[in-house]
Amino acid sequence: EILASVEAEAAAKFKKAKLNLVDKVQPDGSVLADQGIIAGCAGGMYENIAIAANMLKGKSIGSGAFSLSVYPSSQPVYKSLADHGYASSLMESGAIIKTAFCGPCFGAGDVPANNGLSIRHTTRNFEMREGSKPGQGQLAAVALMDARSIAATAANGGILTPATEQTDFNKRIKSYAFSSNIYDSRVYQGYGNPQPETPLVYGPNIADWPTQQPMKKHLLLKIVSSLTDAVTTTDDLIPSG
């Protein structure tokens with residue numbers, strides 16, 4: 001009923017695109033997802049990925065249509081996952097470990113196929129992201145899910161599975177170990193250490209910033225947009241799709 005209601009809502013909103021989510025229902029009544037994503041500054045936290053690795057340890061996501069991608073939230077998180085063996089354990093299960101990048105949140109990585117059902121523990125899943133271009137007849141479905149249930153689903157070959165149904169795994173994880181070497185070795189520590197003599201490198205398509213006129217006492221502006229919703233994102237201002 002839930003999948004059918006989403007289909008109906010999509011059909012009412014988008015005339016060119018067609019969503020067939022009910023087709024995801026298997027003969028036994030289970031639901032098969034096409035993709036699992038654990039990513040972003042929310043889903044990609046160390047604890048989420050480490051426990052997902054424990055749940056998938058010794059298991060396989062299978063060679064079917066379902067795929068699982070994991071994005072650590074930062075390089076130090078990635079390093080700690082690697083040091084403790086969680087990254088390699090996930091790779092052995094068939095999951096793909098990506099770099100520390102917020103790509104899936106704004107549609108720059110792991111965009112689901114047309115009519116795909118993606119289950120995600122990510123920070124953002126707003127319109128015009130995740131592969132949906134209804135004006136061109138393409139529509140994908142994204143459902144929010146916690147990292148543990150995504151791991152349980154992956155262990156079940158993509159069949160939607162709640163984390164409560166998988167109990168045969170180590171519930172304890174190794175403590176996160178932050179390493180500042182990553183930043184110390186690469187990031188310029190500019191606070192209190194300005195280097196104004198360092199030249200900026202410009203490509204041929206980059207010009208100097210135009211001369212700015214001092215602000216006057218009065219300013220006349222033309223309002224081009226008024227957004228009154230509780231959450232405003234770049235999707236409303238500059239549609240990513």
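Peer 1: Can you explain the packing of aromatic side chains? Please cite residues and give values.
Peer 2: Overall, the coordinates contain three aromatic pairs when judged by the stated rule. Aromatic pair Tyr46 and Tyr86: ring centres 6.1 Å apart, planes at 75°, arrangement edge-to-face. One end of the pair, Tyr46, is in helix 3 (residues 46-56); the other, Tyr86, is in helix 5 (residues 86-93), and 40 residues separate them in sequence. Between Tyr46 and Tyr176 the ring centres are 5.2 Å apart and the planes differ by 45°, which places this aromatic pair in the tilted class. Of this pair, Tyr46 sits in helix 3 while Tyr176 sits in the loop between helix 6 (147-155) and helix 7 (181-186); the two residues are 130 residues apart in sequence, bridging distant segments of the chain. Tyr176 gets classed as partly exposed once you look at its relative accessible area, which sits at 33%. Taken together, the aromatic side chains of Tyr46, Tyr86 and Tyr176 make up a single cluster linked through ring pairs. Of note, Lys171 hangs over the ring of Phe169, and the distance from its end group to the ring centre comes to 4.4 Å.

Peer 1: Can you explain the pairing of strand 4 (residues 117-121)? Please cite residues and give values.
Peer 2: In terms of burial, strand 4 is a largely internal element, five of the five residues being buried. Here strand 4 shows no split at all, with Leu117, Ile119 and His121 on one side and Ser118 and Arg120 on the other all buried. Taken together, the four bridges between strand 1 (residues 35-38) and strand 4 define a ladder with parallel strand orientation. Bridge pairing in strand 4 places Ile38 opposite His121. Here strand 4 pairs with strand 5 (residues 141-144) via four bridges, running parallel. Bridging from a neighbouring strand, Ile119 pairs with Ala143 of strand 5.

Peer 1: With reference to specific residues and values, describe the nonpolar core.
Peer 2: Of all hydrophobic cores here, the largest spans 38 residues; its most connected members are Ile38, Leu56, Leu68, Val70, Leu81 and Leu90. Elements with a minimum of two residues in this core: helix 1 (2-13), helix 3, strand 2 (67-70), helix 4 (75-83), helix 5, strand 4 and helix 6. Discounting chain neighbours no more than four positions away, the residues touching Val70 are Ile38, Ile49, Leu90, Ile96, Ile97 and Lys98.

Calculation rules
Residues numbered from 1 in each chain as written. Predicted model: local features only at pLDDT ≥ 70, side-chain atom pairs only at ≥ 80, totals over all residues. Heavy atoms only, no water. Phe/Tyr/Trp six-rings, centres within 6.5 Å; stacked < 30°, edge-to-face > 60°. Helix = DSSP H or I, 4+ residues; strand = E, 2+ residues; numbered from the N terminus. Buried < 20%, exposed > 50% of the residue type's maximum accessible area, 1.4 Å probe, protein only. Lys NZ or Arg CZ within 6 Å of the ring centre and 35° of its normal. Pairing = 2+ DSSP bridges. Core = buried A, V, L, I, M, F, W, Y, C linked by side-chain atoms within 4.5 Å. Contact = heavy atoms within 4.5 Å.

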